[in-house]
Amino acid sequence: LYPEVFAGSLSEAMRVMMLLQMGRREEAIASADRVEKEEHPIISHRIALLWRYAFTGDRQKAFSWMTPEAMRTCRRDFMCSWWVACAYVVLGDAGNALDWLENAVELGFVNHHYLAEVDPLLVPLRADSRFQALMARARERQAELEVHA
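Residue indices follow the written sequence of each chain, beginning from 1 at its first position. The predicted nature of this model means local features are confined to residues of pLDDT at least 70 and side-chain atom pairs, given and counted, to a pLDDT of 80 or more, with totals for whole chains, interfaces and linings taken over all residues. Processing note: side-chain calculations cover all non-hydrogen atoms of the structure and skip hydrogens and water entirely.

1. Focus: the overall build of the protein chain
Rules: Helix and strand definitions here come from DSSP, where helices need a minimum of 4 consecutive H or I residues and strands a minimum of 2 consecutive E residues; each element is numbered from the N-terminal end. Remark: exposure states derive from per-residue accessible area (1.4 Å probe, protein chains only) relative to the maximum for the residue type, with buried under 20%, exposed over 50%, and partly exposed in between. Here a residue-residue contact requires only that any non-hydrogen atoms of the pair lie within 4.5 Å. For the purpose of counting charges, residues Lys and Arg are taken to be positive, whereas Asp and Glu are taken to be negative. His and the chain ends are not included. All charge positions are set by atom: Lys at NZ, Arg at CZ, Asp at CG, Glu at CD.
A tally of regular secondary structure across the protein chain gives 9 helices and 0 strands. Listed N to C, the secondary structure of the protein chain is α-α-α-α-α-α-α-α-α in terms of helices and strands. On the principal axes, the C-alpha backbone points of the protein chain span a range of 45 × 30 × 30 Å. Out of the 149 residues in the protein chain, the part that is buried amounts to 44%. Across the protein chain, the fraction of contacts at a sequence separation of at least 24, relative to all contacts at a separation of at least 6, is 55%. Treating the 17 positive side-chain charges of the protein chain as one cloud and the 21 negative ones as another, the clouds have centres 3 Å apart.

Following this line, the structure appears as structure tokens:
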């Protein structure tokens, strides 16, 4: 991952999330501060700010960026659903995290290897029986896709 290649408003939002996953919080917060100045935030800006404040433990500020419309948009997209799930994990809310992760899997995020073994943000969920059942479902869904490919 090379977050330094991202520039511009949309890319700056994506950069925030990449840096946070890489443990580079100070850089991520500096990028998020630039994103927060955006006059007309789009969904990626809102998610970047959700993450920025989730990672600093400010649940209220994190979700203040997620309007009902933004949450509905996230419910329709597997990547956005995964990003919201990760924010809930960081905030210590496993129930909501699993709800959003389940939505991501149902919408097509079926890379169970990444979810179950690679994504560092999901480590707190891995011992949860609901997470394990969800990973079994993701494996099944991935196998279904491979058969039809």
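Further notes follow.
2. Here we look at the packing of aromatic side chains
One pair of aromatic rings is described through two measures. These are the centre distance and the angle between the planes. For clarity, the threshold we go by: Classification of ring pairs rests on two measures: the distance between centres of Phe, Tyr or Trp rings, Trp counted by its six-membered ring, which must be within 6.5 Å, and the angle between planes, read as stacked under 30 degrees, edge-to-face over 60 and tilted in between. Whether a charge sits over a ring comes down to the Lys NZ or Arg CZ being within 6 Å of the ring centre and within 35 degrees of the ring normal.
With the rule as written, the count across this model stands at 6 aromatic pairs. Measuring from centroid to centroid gives 6.0 Å for tryptophan 82 and tyrosine 114, while their planes differ by 70°, and the two rings are edge-to-face. Here the residue tryptophan 82 occupies a position in helix α6 (residues 78-90), and tyrosine 114 occupies one in helix α8 (residues 112-118), the gap between them amounting to 32 residues. Ring pairing ties together the aromatic residues Phe78, Trp82, Trp83, Phe109 and Tyr114, which thus form one cluster. Above the ring of tryptophan 100, the side-chain terminus of arginine 75 is found at 3.9 Å from the ring centroid.

3. Details of the nonpolar core
Our working rule: The criterion is simple. A nonpolar core is a set of buried Ala, Val, Leu, Ile, Met, Phe, Trp, Tyr and Cys residues joined through side-chain atoms within 4.5 Å.
In this structure, Trp51, Met66, Trp82, Leu101 and Leu122 are the most contacted members of the largest nonpolar core, which totals 48 residues. Among the secondary structure elements, those contributing two or more residues to this core are α1 (9-21), α2 (25-36), α3 (43-55), α4 (59-64), α5 (68-75), α6, α7 (94-107) and α9 (129-148). A total of 9 residues in this core trace back to one element, the largest contributor, which is α6. Setting aside residues no more than four positions away along its own chain, leucine 101 makes contact with Trp82, Ala85, Leu115, Leu122, Leu125, Phe131 and Leu134.

4. Considerations on the pattern of salt bridges
The following threshold applies: A pair is scored as a salt bridge if a Lys or Arg side-chain nitrogen falls within 4 Å of a carboxyl oxygen belonging to Asp or Glu.
In the structure shown here, the tally under the stated rule is 11 salt bridges. Residue aspartate 33 pairs with arginine 52 through a salt bridge whose shortest N-O separation is 3.3 Å. Remark: arginine 52 occurs in helix α3 and aspartate 33 occurs in helix α2; sequence separation between them is 19 residues. A residue is classified by how much of its surface remains accessible, and aspartate 33, at 31% relative accessible area, is partly exposed. For arginine 52, a relative accessible area of 12% puts it in the buried group. Glutamate 36 is the partner of lysine 61 in a salt bridge, and the nearest nitrogen-oxygen pair spans 3.9 Å. With a gap of 25 residues between them, lysine 61 in helix α4 and glutamate 36 in helix α2 connect regions that are remote in the sequence.

5. Details of the side chain of serine 31
Formally: Identification of polar contacts relies on pairs of N or O atoms within 3.5 Å, with a donor-acceptor requirement for protein atoms, meaning one able to donate a hydrogen and the other able to accept it, and with residues adjacent in sequence counted only if both atoms are side-chain atoms.
Of note, serine 31 is situated in helix α2. On the basis of relative accessible area, serine 31 is assigned to the buried category, the value being 0%. A distance of 2.6 Å separates polar atoms of two side chains, one belonging to serine 31 and the other to arginine 15.

6. With respect to the packing of α6 against α7
The line we're drawing: Helix axes are fitted only over the stretch in contact, all axes being lines through C-alpha atoms; the angle between N-to-C directions runs from 0 to 180 degrees. The cut-offs work like this: below 35 degrees is roughly parallel, past 145 is roughly antiparallel, 65 to 115 is roughly perpendicular, and the gaps in between are oblique. For a crossing to be left-handed, the near helix must be turned anticlockwise from the far one by less than a right angle; the clockwise case is right-handed. Polar here means any residue other than Ala, Val, Leu, Ile, Met, Phe, Trp, Tyr, Cys and Pro, which are nonpolar, and Asp, Glu, Lys and Arg, which are charged; Gly is therefore polar.
Relative to each other, α6 and α7 sit at 165°, their axes nearing to 8 Å. On the basis of their axis angle, the class for α6 and α7 is roughly antiparallel. Where α6 crosses over α7, the two elements pack in a sense that is left-handed. Of the residues in α7, those in contact with Phe78, Ser81, Trp82, Val84, Ala85, Tyr88 and Val89 of α6 are Asn96, Ala97, Trp100, Leu101, Asn103, Ala104 and Leu107. Residues belonging to the contact of α6 with α7 are distributed by class as follows: 11 nonpolar, 3 polar and no charged.

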